[in-house]
Amino acid sequence: MKKKKYQNIAADHLREYSSIYLFVVVLFLMGVIFGAVIVNSLSFTQKEDLFYYLTQFFGQAADGDVAAARDLFAQSFFDNSKFIGLIWVLGISIIGLPVILIILFMKGMAVGFTVGFLVNQMGWDGFLLSFVSILPQNLLIIPLFIIMAALSVTFSLKMIRNQFMKKVNQPVLPQFFRYLFSFAIAVVFVAAAAGIEAIISPALLKTVIHTIS
């Protein structure tokens, strides 16, 4: 019964704020496309420099000369928690709304640029490398960023409505605690994604590098 209750709450939430979720998804995809397009605007020298550092990294990964899994986990967890936390905090402030959207766009741009650059320089081998090094953890991280951005935008809009539309004065505290709970859940998923990035992705990357070499 509890599971069904939570499913109904989630379904009602998605129906009510479907336009916000759609906007956030489209914005992220625009960032991905923009990031991929930027690759073509790089000069030959810039591409050569980036590719040199990339091959150095792949060479170290193939030799197993990368940071320890614990260090990779800590770095991934800290970086992603920092961005999720920033989005969450911006959702509380009224003026943070446009910044949330900018951060999400930049995240999409980073993903698009990375995949686009690998494919541009290495063709199908680059696509395969990006598939094993970027996709596994981002299967959790990207939906998480999108959901947290949508929740933050939603909460920020509610704050604006309560501030400027006195007739629609909903109690803020229960909404805030739900918003806080969503952040706690997000941190759990960030930890899971960091575990994937620290353990699974390096192993897959090493296997693929040896295969294409």
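Coordinates for the structure precede this section.
Quick caveat, the model's predicted, so the values are computed rather than measured. (Residues numbered from 1 in each chain as written. Predicted model: local features only at pLDDT ≥ 70, side-chain atom pairs only at ≥ 80, totals over all residues. Heavy atoms only, no water.)

(A) Looking closely at the overall build of the chain. Within the chain, the secondary structure is distributed over 8 helices and 0 strands. Starting at the N terminus, the α and β elements of the chain follow one another as α-α-α-α-α-α-α-α. Taken over 213 residues, the chain has a buried fraction of 35%. Nonlocal contacts in the chain, meaning residues at least 24 apart in sequence, comprise 83% of its contacts between residues at least 6 apart. Accessible surface for the chain amounts to roughly 12800 Å². Of this, 71% is attributable to carbon and sulfur atoms. (Helix = DSSP H or I, 4+ residues; strand = E, 2+ residues; numbered from the N terminus. Buried < 20%, exposed > 50% of the residue type's maximum accessible area, 1.4 Å probe, protein only. Contact = heavy atoms within 4.5 Å. Areas by Shrake-Rupley, 256 points an atom, 1.4 Å probe, with all protein chains shown as cover.)

(B) Spotlight on the nonpolar core. Of all hydrophobic cores here, the largest spans 30 residues; its most connected members are Val24, Ile84 and Leu104. Listing elements by their share of this core, those giving two or more residues are helix H2 (18-41), helix H4 (69-92), helix H5 (97-122), helix H7 (135-164) and helix H8 (172-212). Sorting elements by how many residues they give to this core places H7 first, with 11 residues. Ignoring sequence-local partners within four residues, the contact set of Leu104 consists of Val24, Leu27, Phe28, Phe145, Ile146 and Ala149. Core analysis: the second largest hydrophobic core is formed by 5 residues, Leu129, Val132, Leu205 and Ile209 among them. (Core = buried A, V, L, I, M, F, W, Y, C linked by side-chain atoms within 4.5 Å.)

(C) The arrangement of the packing of H5 against helix H6 (residues 124-133) in detail. Interaxial distance between H5 and H6 falls to 6 Å at its minimum, and their mutual angle equals 150 degrees. Between H5 and H6, the interaxial angle falls into the category roughly antiparallel. When the axes of H5 and H6 are compared, the crossing they make is right-handed. Between H5 and H6, the contacting residues are Val115, Leu118, Val119 and Met122 on the first element and Trp124, Asp125, Gly126, Phe127, Leu129 and Ser130 on the second. A breakdown of the residues in the contact of H5 with H6 according to their chemical character gives 7 nonpolar, 2 polar and 1 charged. (Axes fitted to C-alpha atoms, helices over the stretch in contact; angles between N-to-C directions. Parallel < 35°, antiparallel > 145°, perpendicular 65-115°, else oblique. Left-handed = near helix turned anticlockwise from the far one by under 90°. Nonpolar A, V, L, I, M, F, W, Y, C, P; charged D, E, K, R; others polar.)

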